[in-house]
Amino acid sequence: MIVSSLSPEEVELRVLSAIRTPASMRRALEAGLNDESWQVDAHAEAWSYIVRRYRESGAPPTRSDVLAATGVELIEDASDDSTFLDELIRRTIERQAVRRILEADDLLRTDPRRAVERLIGDLSEIARSASAHSRVYDAGAMDRLELIESRADRAARGEVIGIRTGLPTLDSRGYVFRRGEMVCIQGPMNVGKSTLLLWFCAHAYYHDRCRILFLTPESTIEDVEDRLDVILGRFMGYSFSNSALRRGLVDLDEYRRFAEELSGLNRSDWITRDSGDAGVFTVGEIISLAREHRPDVLAIDGVHLISGEGRTWERMKEAAEILKGHAQHLDMVVIGGNQVQRDAVMAPDDPAALGQGAYGLAFAEACNKVISLAEKRGDPLQRVWKLVKNRDGERIESRHYLRFDVDKGIIGELNVSVDDATGLVTFD
Amino acid sequence: MAARRTKPEQEIAERIYEEMRASGAIVPRSVYPALVRRVRDWLRDSGDPAMVEMVLSRIARELGAGWNVSEATDPVAFDVVRRRLAVPDGAWGYALWASRRSRRDVRESAEHWLGVWRDAQEAGDEEGVRRARLMLDRLMDYDSAEEIEI
């Protein structure tokens, strides 16, 4: 039987008929079947009845119950609960997508940019709901055993599970960047959020061979690449100065060797993207770029510059939730830089608390980790940081110091040693 | 009848006045009475001489010759600077001392302990506050012993 040649009525009836046990009911719900999946009204009614009975009693109703309640006569020998289910999901996605595209037709004529943005959001929402993950924990115990064994193997080989941050304080505790999570770097204007973001990405790119998509709403690509050259060059054993690069005073022989070595890596997996004249990205654009490039790390240099219909707390919360959903769906880490409120800027050397990010907790709420960055009084080449939110472990509320030489691309943790007898502290 | 200047008012105003002159600004002596009045107002409001002196010192240093004592030092400006300095409650004396140290390692160490103090205070960690205070005391002892040696 060619499934795709079956009529909608036949496919729907076979799906309904195969829901005979609690397990098959769960599979149907997990696959994303819902009230919109049906083209035959009687089937939609039968679905609602089956779901209601399942929720009341923990088991789907019998064929005769369905017949008596809805008039739908289910097929007696239907047992394949996956082939027809897949087909019905496929057709549902197709129907919903076509409907959204047709609905956008008028808007496409009058305001194509807005129509495309709306379409990206609507279509990705369809794809996301069709790809939502859920798993029966106890039934999947042996699958989990395999996963845990593979983690143990990797740990035994000295590999890190996740993407290293490059900061020993975090990595040594296992607080690495994990796929599916969102991370926020917050701090006042000009404290170095963009540089730290770029450094995290360069570290992931070079040391963990990650694919990076770096979105820069405000800076130009050239500006980002000037800074990246210095940081990445440092990882690769070169020593450049950002100001020398900008002013054309770099040692050309050294830069040529660096460029040749970089080119020789043949990776093509760092993509930098600016926002053109707009100065902002919409959530739809971000998701569309992430789908296109499939990065391991999606970096957004300024989440407060994500635009929408009105930049409000609600809008930021919605954007953060959508991004979080896509981080999980696309199996990537999203790292965003976020400005802190004026209150926090009053004390520029005190890493801001969680609620002091722009738009309050809107973005930080969706994040697994929030790293707060601040100036160090009296030393422009150092910064103070704390981990003010950590969903996977303990927060790090005590101050930690970074060497922060943007010009030379040197960023790294400073060890603090204390002489208890004198109170003198050394940073090295 | 105008209130008589108290000793702390006069001492703070004198030090700030000298700091303004040391910064290279041309400061007429006629500024001094206005400075004393500011010090008196803020001492009355905050009650902490070290805080008043440090905030005034920062304003004087940042604004230099552009500082019009009688106009630019309204309570809001005072509060803005006070908050920017972010010194924990009870630590203004240490902060003022630290801001006047010439030795970089001592100043940096003091800033570290003031930060630790602030973190501990925010976290309700009394032991952390106690340790920060102890280290600042030891740092002061160490610094004065070094000065004597020199």
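Above this note sits the structure.
### Some thoughts on the sheet that holds strand S11 (residues 410–414) of chain A
And step 1. Here we have 9 strands laid out as an open sheet, ordered S3-S2-S5-S7-S1-S8-S9-S10-S11 (chain A), and mixed in their pairing. Here the strands that pair on one side only, and so sit at the sheet edges, are strand S3 (270–274) and S11 of chain A. Adjacent strand axes in the sheet meet at a mean angle of 20° when their direction is disregarded.
And step 2. Packing of helix H7 (residues 104–122) of chain B onto the sheet brings it into contact with strand S9 (382–390) and strand S10 (396–405) of chain A, and relative to S10 of chain A it is tilted by some 145°.

### So, helix H11 (residues 221–235) of chain A
Residue and element names in this part refer to chain A.
And step 1. In a regular helix each residue adds 1.5 Å, so 15 residues correspond to 21 Å; H11 covers 21 Å between its end C-alpha atoms and thus fits that length.
And step 2. Within H11, burial applies to Asp223, Val224, Asp226, Arg227, Leu228, Asp229, Val230, Ile231, Leu232 and Gly233.
And step 3. Phi for Gly237, located one or two positions after H11, is positive at around 95°.

### Comments concerning a negative patch on the surface
And step 1. Together, Asp143, Glu146, Glu149 and Asp153 of chain A give the surface a local cluster of negative charge.
And step 2. Topologically, Glu146 of chain A is positioned in helix H8 (residues 141–156).

### What about the layout of surface pockets?
Residue and element names in this part refer to chain A.
And step 1. Each pocket or cavity is described by its volume, and for the largest pocket that value is around 770 Å³.
And step 2. If you trace the largest pocket, you find 21 residues lining it, with Leu147, Arg151, Ile161, Arg179 and Asp331 closest to the centre.
And step 3. Sorting elements by how many residues they give to the lining of the largest pocket places H8 first, with 5 residues.
And step 4. Here the lining of the largest pocket is composed, by residue class, of 5 nonpolar, 6 polar and 10 charged.

Rules and cut-offs
Throughout, residues of each chain are indexed from 1 in the direction in which the sequence is written. Going through the entries in the order they are written, you letter the chains from A and number the ligands from 1. Where local features are concerned, this predicted model is filtered to residues with pLDDT of at least 70; where side-chain atom pairs are given and counted, the filter is 80 or more; whole-chain, interface and lining totals use all residues. Processing note: side-chain calculations cover all non-hydrogen atoms of the structure and skip hydrogens and water entirely. The rule for pairing is simple: two strands pair if DSSP sees at least two bridges between them. In DSSP terms, a helix is any run of H or I states spanning at least four residues, a strand is any run of E spanning at least two, and both are numbered starting from the N terminus. Under this scheme, a helix contributes an axis fitted over its contacting stretch, all axes are lines through C-alpha atoms, and angles between N-to-C directions fall in the 0 to 180 degree range. Working rule for contacts: check all heavy atoms of both residues, and any pair within 4.5 Å makes them a contact. Expected span of a helix: the number of residues minus one, times 1.5 Å. Only protein chains enter the calculation, and the probe is 1.4 Å; a residue is then buried if its accessible area is under 20% of its type maximum, exposed if over 50%, and partly exposed in between. Residues enter a patch when their relative accessible area is above 30% and they make no salt bridge; the linking distance is 9 Å between like charges and 5 Å between nonpolar side chains (Val, Leu, Ile, Met, Phe, Trp, Tyr). Accessible areas in this description were obtained via Shrake-Rupley with a 1.4 Å probe; residue shielding takes into account the shown protein chains only. Definition used for salt bridges: Asp or Glu carboxyl oxygen within 4 Å of a side-chain nitrogen of Lys or Arg. A residue counts as positive if it is Lys or Arg and as negative if it is Asp or Glu; His and the chain ends are not included. To locate a charge, the coordinates of NZ of Lys, CZ of Arg, CG of Asp or CD of Glu are taken. A pocket here means an open set of points on a 1 Å grid, computed over the protein atoms alone, that has protein on both sides within 12 Å along at least five of seven lines. A cavity is instead a set of points where a 1.4 Å probe fits but cannot get out; residues with an atom within 4 Å of a point line either one. Grid points are joined across faces, edges and corners, and a volume is the space filled by probe spheres set on the points. In this count, Pro and Cys sit with the nonpolar residues alongside Ala, Val, Leu, Ile, Met, Phe, Trp and Tyr, while Asp, Glu, Lys and Arg are called charged and the others, Gly among them, polar.

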